[in-house]
Amino acid sequence: MDPNQRLSTGRTDLQQTIDLVTAVLMGGADSKRVDEPKKSETQQQMLSNYERFRAIAPNRPETYPIQQSVSLEHYRAIAPWMGRLILPAKDQRQTIHDVLFEVHHAPDEFQHLVGQTVTLRLSNNLETRAYARAVTKDVNFSPQAEASVKAGRIHPTRLNHWRVVNPLESLAGAHPVDDMMVALPKLVTVKANHLLAGNDSPAAQILCIEREPVQITGRYYGLIRFVEPLANSSEPDSDLFKVIHFNRRSGQFDGAEEVVKVPHVPANNNNTHPSTIKDIESNDLNQTGWYIYGAQDSAGYFVVQALAPRRLLQAEPSRTITDKHAAKKYFKEEVWQHLKADQGTISSVLLNPDATAQATTSQTPWAEGQRALLIHTYGGVGGKKAEPAAKAIFYFGHFAYGTAEVVREPLTGELRFEIIYHQIYTQNHEGLTSGSLHWSRYMGDRTFGILGLRPVVDTLVRLDEFTGDYGGEGWTRSPLDRMIYELQIMAARYRIGDGTGATFVGPANNCDQDANQALYAALRDISRSIRRHPKADQWQQQHPDQRLRLEKLEQLTEDFKHLLLPWGTARADWKNNEEVLGGTLEEHPIQRIIRGLISWRTMLPRLTSNEVTNVFLDRGGEAWLLKTTQVGGVNPNIKPVAPMTI
């Protein structure tokens, strides 16, 4: 029987899901499988997309001088601390203790470190030490990992046969060369390395951080409108483009004109270009402008490495839905409909069933500083240059969590979302590395990102019980921060496959299942940590409003237990954080199938997104859906494909 027909027989959700299990096992919840059939010898020697993309100079860090002279009127730094991770040589590890960091940007008081290579180290606080202990492993590649390397996927080959590899090393060593560009977390402590006292080496300086660095593209960003390409008959392949900057004083695009470089993007191994700027100046989104991310090259041109539509990130919805039934219909059905007609467009829709009349008329319903949990789902690439996975009967898509914060953007003075994805991602041909990725890297990067390639729905959910903080004098607890902590643990495990060198997609371990293991762990632990705090009794008396929120959080936790564990029992690996990554379906298939079925609602990314959003809305939360459908220039060779659900 055709699987699509099977879905229309009126069976229960669970029965329908069991019918699909075989298909899911063959395709995984990630559409990009790692444990696929062996390729022929010719195919095995094919260049990875990562190697194809690095072949052009704009995709290599050395193209951009460390000393930059961009106009501070028109450009801002992506973060206070930015630079390139460098994996120390094996014989340097005992001295360096962690990794090296080539400083490309630093706060004013540390400008003397720009251009220097310093030591980057995790701090010594209790939570950071616990994180490091949980993910520090010996790395010895399994035969399956070795085969995957030969098939062209990007694995941490430089770490093979290393002992006690820590999470900074697994991030710095994720690629075969030192090209991992990152922004450091907000809290950075600078101190001297006493082991190198008296040594003139810049590594004698140590930067200490409490959280994993965030992968970025570019060093600066600006806000521009594209005017016209500067190609002509004598130079038809020119990558120069005239742009005009936003003028904050007038609120219009009447600032300085500039000629920037917008390099041509190489095709991937499916002969598909990840993005294009063809006719981008005629796109409706050009009227409100584009954020461009990049840096100056040696000739002084600003090179546009990544893009973001300004309208998408503005904290002003294009539409607000306050009816509960209409809101649920929108995120479960309507947002993924009419994708082909929506190609090249964005939408920003706020679902707020409990909104008052005053709230619905407000231009900025979310205030500066407010944070949200982001639920990310993407679809497939169809059309003339369809990816192989999108040609199957079912396209499963991809799932991830992230965070969004409402910030005051200095170039415009308006409120916008600052977005970071916490990706649980297997090794792949693109070199996309599991971890924390800024919008500029994961979505906006014109070569490595997916803005121009895939349809994406990012659902930002806000519920004070989950996205707000708890605490009293001298202490704070945050459910959202705890979830980020758990996601970073899972991401670090994925980077090295629990020491095997590879993580493989299957029914029990994939982007969807393992991201939601982090949600389960965060919800399980946060209430316990608050109620067991030494000052908990005093806190409850002084902050009755927070106590009430905590009780509601515990009710939310029960809702998620029923959702994530519908059979009433936790998976053994979820309870005990067992090291189960690195295996394939062929190893212990029955055990892996049973594990997957215990948390069956997290097998399909779009279904999971719908169900998680529904739980938050039912508890009085809000959901803000940001949708992009292959945005950028015109690309007639691809069409969007929606991920399946039931």
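Residues numbered from 1 in each chain as written. Predicted model: local features only at pLDDT ≥ 70, side-chain atom pairs only at ≥ 80, totals over all residues. Heavy atoms only, no water.

Caption draft 1: Representation of unusual backbone geometry in the model. Positive phi is not limited to glycine here, since His338 has a value of about 60°. Assignment of secondary structure puts His338 in the loop between helix H10 (324-332) and strand E17 (346-351). Phi at Gln630 takes a positive value of approximately 50°, unusual for a residue other than glycine. Following the sequence through the fold, Gln630 ends up in the loop between strand E26 (622-629) and strand E27 (639-641). Using a relative accessible area of 4% as the deciding quantity, one classes Gln630 as buried. (Helix = DSSP H or I, 4+ residues; strand = E, 2+ residues; numbered from the N terminus. Buried < 20%, exposed > 50% of the residue type's maximum accessible area, 1.4 Å probe, protein only.)

Caption draft 2: Spatial organisation of helix H6 (residues 126-135). Here H6 has its buried residues at Thr128, Tyr131, Ala132 and Val135. In an axial view of H6, the angular spread of the buried residues amounts to 95°, which keeps them on one side of the axis. Among the exposed residues of H6, those pointing more than 90 degrees away from its buried face are Leu126 and Arg133. Contacts from the buried residues of H6 go to strand E4 (117-122), strand E5 (137-139), strand E6 (162-165), helix H8 (167-172), strand E9 (205-209) and helix H14 (479-496). Between a side-chain oxygen at the N-terminus of H6 and the backbone nitrogen of Glu127 the separation is 3.3 Å; the capping residue is Asn125. (Arc of directions from axis to C-beta. Contact = heavy atoms within 4.5 Å. Polar contact = N/O pair within 3.5 Å; in protein donor to acceptor, adjacent residues only side chain to side chain.)

Caption draft 3: Molecular detail of the environment of Arg547. Locating Arg547 in the fold gives a position in helix H17 (residues 544-564). Through-space distance from the C-alpha of Arg547 to that of Arg531 is 9.7 Å; in sequence the pair is 16 residues apart. When sequence neighbours within four positions are dropped, the list of residues in contact with Arg547 reads Trp539 and Gln540.

Caption draft 4: Inspection of the packing of H17 against helix H20 (residues 605-618) at higher detail. Contact geometry of H17 with H20 gives a least axis separation of 10 Å together with a crossing angle of 155°. Classified by the angle between their axes, H17 and H20 sit roughly antiparallel to one another. Pair H17 / H20 crosses with right-handed handedness. Here Leu556, Asp559, Phe560 and Leu563 of H17 come into contact with H20, specifically with Glu611, Val612, Val615 and Phe616. (Axes fitted to C-alpha atoms, helices over the stretch in contact; angles between N-to-C directions. Parallel < 35°, antiparallel > 145°, perpendicular 65-115°, else oblique. Left-handed = near helix turned anticlockwise from the far one by under 90°.)

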